[in-house]
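# Analysis of the macromolecular model
Chain residues, written in single-letter form:
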Amino acid sequence: AVDAITLGESLGLVMGEPATPLRAGSSVRFSFAGAESNVAIGLARLGHAVGFVSRVGDDFVGRMVVETLRGEGVDVSGVVVDEAAPTALMVRQHRTADALTVLYYRDGAAGSRLQPGDVPDLSGARLLHVTGITPALSASAMRTVETAVRAARAAGLVVSLDVNHRALLWSAQEAGAALAPLLDAVDLVFGGDDELLALARRDIGGDVGDVHAAVDDLLRQRPSVVVRKRGADGASVHGAFGVIERPALAVTAVDPVGAGDAFVAGFLSGLLDGVDPAACLDRAVECGAFAVSVHGDWEGAARRSELGLLARAERVHR
Ligand code: ATP
């Protein structure tokens with residue numbers, strides 16, 4: 001039995017080199033991406049028993065995803081191999097050192113064919129984590145997330161939602177409208193400022209006062225904890241206990257992608273361990289810092305034995 005389950009789409013990832021536009025003959029790195037599988041890897045590295053529910057195509061990209069997840073210790077028995085559609089792909093170009101551009105090839109891919117029947121028996125698990133990406137993929141993927149969230153709530157699992165708005169898939173308003181009806185089954189919400197505003201059905205782009213009002217709106221519904229991710233500015237956790245803030249750790253950021261997912265894995269790990277919200281946030285902030293200071297979406301995810309490494313003053317650990 002697993003402690004935590006995540007559900008979503010993984011995509012093959014073709015990644016150009018840092019600060020180098022892609023052209024014919026460019027060197028690329030081949031890996032995979034996907035917020036929910038990133039969280040699964042993060043939790044597995046932190047020592048938790050975690051299962052991943054997904055669909056991949058019957059192709060070498062899908063096999064690479066499944067074999068890598070299995071190698072990371074993630075239970076992949078919930079990954080359906082769909083013979084009727086390819087595994088999704090994304091191409092990431094570091095157009096300049098500061099501007100990352102992404103192309104998705106995911107319309108009609110296996111992940112968009114997730115269906116409610118793919119949701120396994122959740123009893124025995126303690127936590128379900130979903131993101132706002134999956135519902136944007138297709139109507140059946142949306143229904144799959146709803147089914148999983150309702151089943152988890154009925155079975156007494158903690159339900160975690162990371163808004164994870166992807167502007168290439170839908171507008172923030174559409175995302176907010178689609179995700180808000182899930183809130184009555186969600187215990188824990190993660191988001192950046194605009195994502196929290198959208199989920200609370202407020203205008204995005206508001207100031208800090210508007211964001212705090214949005215957090216309060218969310219806490220008046222079912223969620224008991226809202227976590228505000230603020231990139232290099234750090235993060236805060238909001239609930240009946242009040243507000244706890246943490247600055248980001250000072251690290252050399254080489255790849256911003258995946259920080260949020262590693263952060264979420266760190267927070268959920270703390271929750272599964274039963275530590276208090278401040279300690280959950282400390283672990284999340286450290287895991288986010290690990291992720292941004294390594295290339296790749298999940299490759300930098302921290303192992304439990306490595307926690308504390310970045311807080312130490314020395315740079316060479318021998
Ligand atoms: P993504 O969707 O790219 O995975 P996100 O937007 O969901 O990321 P961020 O707010 O960028 O999430 O990052 C999550 C957390 O990771 C931050 O709250 C912070 O604790 C940590 N973090 C992010 N960027 C940095 C950085 N440059 N240096 C140190 N820590 C960082």
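Attention in this report is confined to the structure presented alongside it. This is a predicted model, so every value here is computed, not measured. Each chain carries its own residue numbering, running from 1 in the written order of its sequence. The predicted origin of the model limits local features to residues at a pLDDT of at least 70 and limits the giving and counting of side-chain atom pairs to 80 or more, whereas totals for whole chains, interfaces and linings rest on all residues. Derived side-chain values reflect all non-hydrogen atoms in the structure, with water molecules and hydrogen atoms excluded from consideration.

Take the sheet that holds strand E2 (residues 11-16) next. Spatial ordering of the open sheet is given by E3-E2-E6-E7, a layout of four strands whose pairing is mixed. Bordering the open sheet on either side are strand E3 (28-33) and strand E7 (100-105), each of which pairs with just one other strand. Each neighbouring strand pair of the sheet contributes to a mean axis angle of 20°, computed without reference to strand direction. Strands are treated as partners if at least two bridges between them are detected by DSSP. Secondary structure elements follow DSSP: runs of H or I no shorter than four residues count as helices, runs of E no shorter than two count as strands, and numbering proceeds from the N terminus. Where E2 meets strand E6 (residues 89-94), four bridges bridge the pair, whose relative direction is parallel. Bridge pairing links Gly12 to Leu89 in E6. Note on contacts: a residue pair qualifies if any of its non-hydrogen atoms lie within 4.5 Å across the two residues. Only the contacting stretch of a helix is used when fitting its axis, a line to C-alpha atoms as for every element, and angles between N-to-C directions run 0 to 180 degrees. Each of E2 and E3 is contacted by helix H2 (residues 60-71), which is oriented at about 70° to E3, the strand it contacts most.

Let's shift gears to the packing of aromatic side chains. Within a pair of aromatic rings, the relevant descriptors are the distance that separates the centres and the angle that separates the planes. When the centres of two rings from Phe, Tyr and Trp lie within 6.5 Å, Trp using its six-membered ring, the rings pair. Their planes under 30 degrees apart give stacked, over 60 give edge-to-face, and anything left gives tilted. Per the counting criterion, the structure on display carries four aromatic pairs. Between Phe190 and Phe263, the ring centres sit 6.5 Å apart and the planes meet at 90°, which makes this aromatic pair edge-to-face. One end of the pair, Phe190, is in strand E10 (residues 188-191); the other, Phe263, is in helix H7 (residues 259-273), with 73 residues separating them in the sequence. Side by side, Phe190 and Phe263 carry an identical accessibility label, which is buried. Taken together, a centroid distance of 5.6 Å and an interplanar angle of 85° make the contact between Phe190 and Phe267 edge-to-face. Of this pair, Phe190 sits in strand E10 while Phe267 sits in helix H7, and the two are 77 residues apart along the sequence. Summarising the burial analysis for this pair, Phe190 and Phe267 share the class buried. Members of the aromatic cluster, joined through ring pairs, are Phe190, Phe263 and Phe267. The ring of Tyr104 carries Arg106 above its face, with NZ or CZ at 4.7 Å from the centroid. Only protein chains enter the accessibility calculation, which uses a 1.4 Å probe; a residue whose area is less than 20% of its type maximum is buried, one above 50% is exposed, and one in between is partly exposed. A ring is considered to have a charge above it if a Lys NZ or an Arg CZ atom is located within 6 Å of its centre and within 35 degrees of its normal.

Contacts to the ligand come from 23 residues, most closely from Lys229, Gly231, Gly234, Leu249 and Gly260. Any N or O atom pair separated by 3.5 Å or less is treated as a polar contact, with the protein-specific requirement of one donor-capable and one acceptor-capable atom, and with residues adjacent in sequence counted only for side-chain atom pairs. Measuring from an oxygen atom of the ligand, one finds a side-chain N or O atom of Lys229 at 2.8 Å. Only the protein chains shown count as cover for residues, and all accessible areas are computed by the Shrake-Rupley method using a 1.4 Å probe. For the ligand, the protein covers 82% of the area, taking 630 Å² as the surface of the free molecule. Put simply, the parts of the chain that give the shell around the ligand at least two residues each are H7 and helix H8 (277-292). Side-chain classes are defined by residue name, with Ala, Val, Leu, Ile, Met, Phe, Trp, Tyr, Cys and Pro counting as nonpolar, Asp, Glu, Lys and Arg as charged, and the others, Gly among them, as polar. Counted by class, the shell around the ligand contains 13 nonpolar, six polar and four charged residues. If even one non-hydrogen atom of a residue comes within 4 Å of a molecule or strand, that residue is called near it.

Attention now goes to helix H4 (residues 172-179). Along H4, the residues that are buried comprise Ala172, Ala175, Gly176, Ala178 and Leu179. Seen from one end, H4 has its buried residues packed into an arc of 170°, which puts them on one side. Here the buried face of H4 lies against helix H3 (139-154) and helix H5 (193-199). Picture the helix axis, draw a direction to every C-beta atom, and the arc is the one those directions span.

Let us look at the packing of helix H1 (residues 35-45) against H7. At a minimum axis separation of 8 Å, H1 and H7 run at an interaxial angle of 45°. Regarding the angle of H1 to H7, the classification is oblique. Considering how the two elements wind past one another, H1 and H7 form a crossing that is right-handed. Contacts between H1 and H7 pair Ala35, Asn38, Val39, Gly42 and Leu43 from the former with Asp261, Val264, Ala265, Leu268, Ser269 and Leu272 from the latter. Of the residues belonging to the contact of H1 with H7, the class tally is seven nonpolar, three polar and one charged. Between 65 and 115 degrees an angle is taken as roughly perpendicular, under 35 as roughly parallel, over 145 as roughly antiparallel, and anywhere else as oblique. The crossing is said to be left-handed when, going from far helix to near helix, the turn is anticlockwise and less than a right angle, and right-handed when the turn is clockwise.

So, on to unusual backbone geometry. The phi dihedral of Ala19 falls on the positive side, at around 50°, and the residue is not glycine. Using a relative accessible area of 45% as the deciding quantity, one classes Ala19 as partly exposed. Phi at Asn164 takes a positive value of approximately 40°, unusual for a residue other than glycine. With respect to the helices and strands, the residue Asn164 is situated in the loop between strand E9 (158-162) and H4.

A separate point is the pattern of salt bridges. Pairing between side chains of opposite charge can happen when their charged atoms approach one another. When a carboxyl oxygen of Asp or Glu lies within 4 Å of a side-chain nitrogen of Lys or Arg, that pair is called a salt bridge. Applying the stated criterion to the full structure yields 19 salt bridges. Between Arg63 and Asp58 there is a salt bridge; the shortest N-O distance is 3.3 Å. Residues participating in the shared-partner salt-bridge network are Arg55, Asp82, Arg113 and Asp118.

To qualify as a nonpolar core, a set must consist of buried Ala, Val, Leu, Ile, Met, Phe, Trp, Tyr and Cys residues joined through side-chain atoms within 4.5 Å. Core analysis: the biggest nonpolar cluster contains 38 residues, and Val74 and Phe267 have the highest contact counts within it. Counting residues per element, this core draws most heavily on H7, which supplies six residues. With sequence-adjacent residues up to four places away left out, Phe267 is seen in contact with Leu188, Phe190, Val225, Val227, Val237, Pro277, Cys280, Leu281 and Ala284. Counting 36 residues, the second largest nonpolar core, distinct from the first, contains Ile5, Ala125, Leu199 and Ala214.

Strand order in this open sheet of nine strands is E5-E4-E1-E8-E9-E10-E11-E12-E13, and the pairing throughout is mixed. The two strands at the open ends of the sheet, each matched to only one other strand, are strand E5 (75-82) and strand E13 (242-246). With strand direction ignored, the average angle separating the axes of adjacent strands in the sheet is 15°. Of the pairings in the sheet, the one linking strand E12 (residues 235-239) to E13 comprises five bridges and is antiparallel in character. In the strand pairing of E13, Ala235 is matched with Arg246. With respect to the sheet, H3 is in contact with strand E1 (4-7), strand E8 (127-131) and E9, its orientation differing from that of E8 by roughly 155°.

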